[in-house]
Amino acid sequence: MYTYQAFGDRYVLSLENHVEITKALTMFCEEKQIKAGVIHGIGAVGKATLRFFDPHTKQYIDKTFQEQMEIACLIGNISQKEGKPYLHLHITLARSDYSALAGHLLEATLSGAGEFVIEAFDGSLERYYNTSIGLNLYQLRK
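On a predicted model such as this, the values are computed, not experimentally measured, just so you know.

Draft legend 1. Structural context of the side chain of Gln-80. Secondary-structure assignment places Gln-80 in strand β4 (residues 59-81). Residue contacts for Gln-80: discarding those within four places in its chain leaves Ile-34, Lys-35, Pro-85, Tyr-86, Ser-124, Leu-125, Glu-126 and Arg-127.

Right under this line is the structure:
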């Protein structure tokens, strides 16, 4: 699903073509027991489902795009929710007409290369569901 090289607390990953990005990155975090950190990456996808959060309804609106697109930027963070890796990822995708799509990444399937860097932090970041906002937020110590 991926190959990687470690550089201290940083990992450079190359995902295999046609792999679903969020699944592969989550599996990597499980394998390496990364409980807090950041992710960034580039590549290309043939299908992506993006989400947009509506604060009035406290619901995500999902939309799937199926076309060849370049990952102009993927950025996000790693934490834990209920003992499992929780990846919060945002993505900007470039279309062939040079327009862009952006939003919260639910899932995307590579169509070409996928190159990512994960920086692991010491310790663990936990999340909890905030009912008044409708989102999973950091549970930070004071």
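Draft legend 2. Inspection of the environment of Ala-72 at higher detail. Looking at the element boundaries, Ala-72 is found in strand β4. With a relative accessible area of 49%, Ala-72 lands in the partly exposed category. Separated by 17 residues in sequence, Ala-72 and Leu-89 place their C-alpha atoms 13 Å apart. Those residues in contact with Ala-72, other than ones at most four positions away along the chain, are Ile-42 and Thr-92.

Draft legend 3. Focus on the pattern of salt bridges. This structure, assessed with the given rule, holds 6 salt bridges. Across the salt bridge formed by Arg-51 and Asp-62, the nearest N and O atoms sit 2.7 Å from each other. Taken as a pair, Arg-51 in strand β3 (residues 37-54) and Asp-62 in strand β4 lie far apart in primary sequence, 11 residues in all. Using a relative accessible area of 38% as the deciding quantity, one classes Asp-62 as partly exposed.

Reading guide: rules and limits
Residues numbered from 1 in each chain as written. Predicted model: local features only at pLDDT ≥ 70, side-chain atom pairs only at ≥ 80, totals over all residues. Heavy atoms only, no water. Helix = DSSP H or I, 4+ residues; strand = E, 2+ residues; numbered from the N terminus. Contact = heavy atoms within 4.5 Å. Buried < 20%, exposed > 50% of the residue type's maximum accessible area, 1.4 Å probe, protein only. Salt bridge = Lys/Arg side-chain N within 4 Å of Asp/Glu carboxyl O.

What is shown is where atoms sit, not what they do.
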